[in-house]
Amino acid sequence: MEKTLVNNVMLAHERVGSGKPLMLIHGFPLDHTLWNETASLLKNDFDLILPDLRGFGESPAVDSAYTMTDMADDLAGLLNHLGVEKIALAGHSMGGYVALAFAGKYPQRVSGLGLVASQTLADTSERKDGRYKTAKQVAENGVGVVADAMTAKFSANEKTQGEIRSLILRQSKSGVMGALKAMAEREDLTLLFAAFDFPVALIHGDVDELIPVDRARELKAARSFAQLIELAGVGHAPMMDAAEKTAEALKLLK
Ligand code: MLT
């Protein structure tokens, strides 16, 4: 993977395909390989940029605290380095939070937004406390704690579970802890979402146990121009459990 120093962070990314630029942003606690199948299905339609967010995959962790906006700034710096001014962004779950932060700060650079199994809401205080507790457990016992708690919630499919589990176990403790804290402190971006004027695709499995499909339905109700693609029987990993439908839906951002 190519590595670039941006925003004082070393950021790794893959770039594949040709066409209109589209960045695929992975969720928590994963890395860009989550999108492998999506990338092979979309490489004839898009110039795909697949970063590893700071602290994940081949992008090293940062010890100081950071926010979703810092992660969005990393991506803006990467795009500056690549000479890409305007781009469509598709974020999975936490990647959607980063994409929303990017769109809030750099709306003129966004040509479209895909939220895949994501939401605009901030954490409830209970969820926030849970994040800090989990971060403490990760510090003490490693990322296996998160793999044990989350894997089955991504998908009922055993093959997907195996892939997600090994992806989680490859991540670093400090990257996982940093992202947990950044997610806990993120803002509610629902009002910002309602003001977007570029194409929006909401792609959501209807049996998602981590972020219920109601979050996407509420966004559709708030902004009827957004396209909602509900995937029947799919959980929190649409790009694995419904790869073709997910890729097809992302073509709405062309
Ligand atoms: C993710 O898949 O990125 C996380 O489940 C998001 C979250 O915990 O809010």
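Residues numbered from 1 in each chain as written. Predicted model: local features only at pLDDT ≥ 70, side-chain atom pairs only at ≥ 80, totals over all residues. Heavy atoms only, no water.

### Comments concerning the packing of aromatic side chains
Line of reasoning, step 1. Following the criterion strictly, the structure yields 4 aromatic pairs and no others.
Line of reasoning, step 2. Taking 6.3 Å as the distance between ring centres and 85° as the angle between the ring planes, the aromatic pair formed by Phe28 and Phe56 counts as edge-to-face. Residue Phe28 is located in the loop between β3 (20-25) and α1 (36-42), and its partner Phe56 is located in the loop between β4 (46-52) and α2 (68-82); the two are separated by 28 residues in the primary sequence.
Line of reasoning, step 3. Ring geometry for Phe193 and Phe196: centres 5.9 Å apart, planes at 70°, overall edge-to-face. Taken individually, Phe193 and Phe196 each receive the classification buried, so the pair is uniform in this respect.
Line of reasoning, step 4. Through a chain of ring-to-ring contacts, the aromatic side chains of Phe193, Phe196 and Phe198 assemble into a single cluster.
Line of reasoning, step 5. One residue, Arg54, lies across the ring of Tyr66, its end atom 4.6 Å from the ring centre.
Line of reasoning, step 6. Of note, Arg186 hangs over the ring of Tyr97, and the distance from its end group to the ring centre comes to 3.9 Å. (Phe/Tyr/Trp six-rings, centres within 6.5 Å; stacked < 30°, edge-to-face > 60°. Helix = DSSP H or I, 4+ residues; strand = E, 2+ residues; numbered from the N terminus. Buried < 20%, exposed > 50% of the residue type's maximum accessible area, 1.4 Å probe, protein only. Lys NZ or Arg CZ within 6 Å of the ring centre and 35° of its normal.)

### Re the pairing of strand β8 (residues 227-231)
Line of reasoning, step 1. Bridge count between strand β7 (residues 200-205) and β8: 5 bridges; the pairing is parallel. Paired with Gly205 across the bridge in β8 is Leu231.
Line of reasoning, step 2. You can see the chain leave β7, run along helix α9 (residues 214-222) and come back into β8, and the turn it takes is right-handed. (Pairing = 2+ DSSP bridges. Right-handed = clockwise from strand over helix to strand, strands pointing away.)

### Let's talk about the pattern of salt bridges
Line of reasoning, step 1. Using the criterion set out here, one finds 18 salt bridges in the structure.
Line of reasoning, step 2. A salt bridge links Asp123 to Arg186; the nearest nitrogen and oxygen atoms lie 2.7 Å apart. Placement of the pair is Asp123 in the loop between β6 (110-116) and α4 (125-141) and Arg186 in the loop between α7 (173-184) and α8 (190-194), with a sequence separation of 63 residues.
Line of reasoning, step 3. The residue Glu248 makes a salt bridge to Lys251 at a minimum N-O spacing of 3.2 Å.
Line of reasoning, step 4. Its relative accessible area of 26% is what places Lys251 among the partly exposed residues.
Line of reasoning, step 5. One connected set of salt bridges, linked through shared partners, spans Asp45, Glu248, Lys251 and Lys254. (Salt bridge = Lys/Arg side-chain N within 4 Å of Asp/Glu carboxyl O.)

Any functional reading would require information beyond the geometric quantities listed.
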